[in-house]
Amino acid sequence: MSNLIALCPGSFDPVTYGHLDIINRAAGMFDRLIVVVATNKSKNCSFSPEERVNMIKKCIPHLPNVEIVHFDGLLADYAAKRGANAIIKGLRAMSDFEYEFQMALTNKKLNPNVETLFLTTATENMYVSSSMVKQIAGMGGDISGFVPEVIREDIINRIKK
Ligand code: COA
């Protein structure tokens, strides 16, 4: 019997409605979805990996087949370790494509057993990014359209000057 396992990687600094839309949809497509809070070496994160994992956990208590982990190495290695068949990414706009294409090809080279699949983001999340949410929170703006209520205070308390 097939047991389809997918990884959904990202910095999630913090998770937004854009990521949650992808996680919800991917959870319905695979037996198990592992959300991987990973490291992008070119980013300085505002939240620790544990904080990012906990924020995601708070947002998706309704998804029993989703696991949330922190992993600090190569995603391709983690996919092999967990026996994952797929890596799921959300594509927001054509501007995401080149970077995502490069990552997908690199991961395929490092681990030929894993396929990267792209889901198109919902139109209302096309322009959302974690940095934008932090910038709005830092200037006292309303972030309720971008992140669920359960993590709003966590973000505001961390970001406000
Ligand atoms: N809706 C809205 N926004 C989204 C989104 C969605 N569906 N998906 C991603 N975004 C946003 C993110 O919030 C992020 O915003 P930010 O730049 O303001 O922080 C931006 O789009 C980029 O997200 P993503 O493409 O997921 O990049 P990332 O930097 O968050 O994650 C890793 C990249 C961590 C997955 C990648 O570096 C990785 O795999 N690292 C592990 C080490 C490794 O294997 N390296 C080699 C990779 S080839």
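Heads up: these notes are all about the structure in this document.

## Quick word on the packing of helix 2 (residues 49-59) against helix 6 (residues 149-159)
Contact geometry for helix 2 and helix 6: axes closest at 8 Å, N-to-C directions at 155 degrees. On the basis of their axis angle, the class for helix 2 and helix 6 is roughly antiparallel. Touching E51, M55, K58 and C59 of helix 2 are V150, I151, D154, I155 and R158, all from helix 6.

## Concerning the site of the ligand
Surveying the vicinity of the ligand reveals 26 residues, the closest of which are N40, K43, L75, S130 and S131. Within the contact set of the ligand, a nitrogen atom lies 3.1 Å away from a backbone nitrogen or oxygen of T39. Burial of the ligand by the protein chains amounts to 86% of its free accessible area of 940 Å². Only strand 1 (5-10), helix 1 (17-27), helix 4 (94-110) and helix 5 (130-138) provide two or more residues apiece to the shell around the ligand.

## So, the pattern of salt bridges
In the structure shown here, the tally under the stated rule is ten salt bridges. Ionic pairing is found between K134 and D13, a salt bridge with its closest N-O pair at 2.5 Å. With K134 in helix 5 and D13 in the loop between strand 1 and helix 1, this residue pair connects regions lying 121 residues apart in the sequence. The exposure classification of K134 matches that of D13, with both residues buried. Two residues, E115 and K108, come together in a salt bridge whose shortest N-O distance is 2.8 Å. With a relative accessible area of 30%, K108 lands in the partly exposed category.

## Thoughts on the packing of aromatic side chains
Describing an aromatic ring pair means giving the distance of the ring centres and the angle of the ring planes. Tallied over the full model, the rule gives three aromatic pairs. A ring pair is formed by F71 and Y78, whose centres lie 4.6 Å apart and whose planes are at 35 degrees; its orientation type is tilted. Residue F71 shares its accessibility class with Y78, and that shared class is buried. Ring centres of Y127 and F146 lie 6.4 Å apart, and the angle between their planes is 85 degrees; this geometry places the pair in the edge-to-face category.

## Quick look at the sheet that holds strand 4 (residues 86-91)
Reading across from one edge, 3-2-1-4-5 is the order of the five strands in this open sheet, with parallel pairing throughout. Each edge of the sheet is formed by a strand with only one pairing partner; in this case those strands are strand 3 (66-70) and strand 5 (115-120). The sheet shows a mean angle of 30 degrees between the axes of neighbouring strands, direction not considered. Sheet topology places strand 4 next to strand 5; six bridges connect them, and they run parallel. Pairing of L91 across the sheet is with T120, part of strand 5.

Cut-off values and rules
- Residues numbered from 1 in each chain as written.
- Predicted model: local features only at pLDDT ≥ 70, side-chain atom pairs only at ≥ 80, totals over all residues.
- Heavy atoms only, no water.
- Axes fitted to C-alpha atoms, helices over the stretch in contact; angles between N-to-C directions.
- Helix = DSSP H or I, 4+ residues; strand = E, 2+ residues; numbered from the N terminus.
- Parallel < 35°, antiparallel > 145°, perpendicular 65-115°, else oblique.
- Contact = heavy atoms within 4.5 Å.
- Near = heavy atom within 4 Å.
- Polar contact = N/O pair within 3.5 Å; in protein donor to acceptor, adjacent residues only side chain to side chain.
- Areas by Shrake-Rupley, 256 points an atom, 1.4 Å probe, with all protein chains shown as cover.
- Salt bridge = Lys/Arg side-chain N within 4 Å of Asp/Glu carboxyl O.
- Buried < 20%, exposed > 50% of the residue type's maximum accessible area, 1.4 Å probe, protein only.
- Phe/Tyr/Trp six-rings, centres within 6.5 Å; stacked < 30°, edge-to-face > 60°.
- Pairing = 2+ DSSP bridges.

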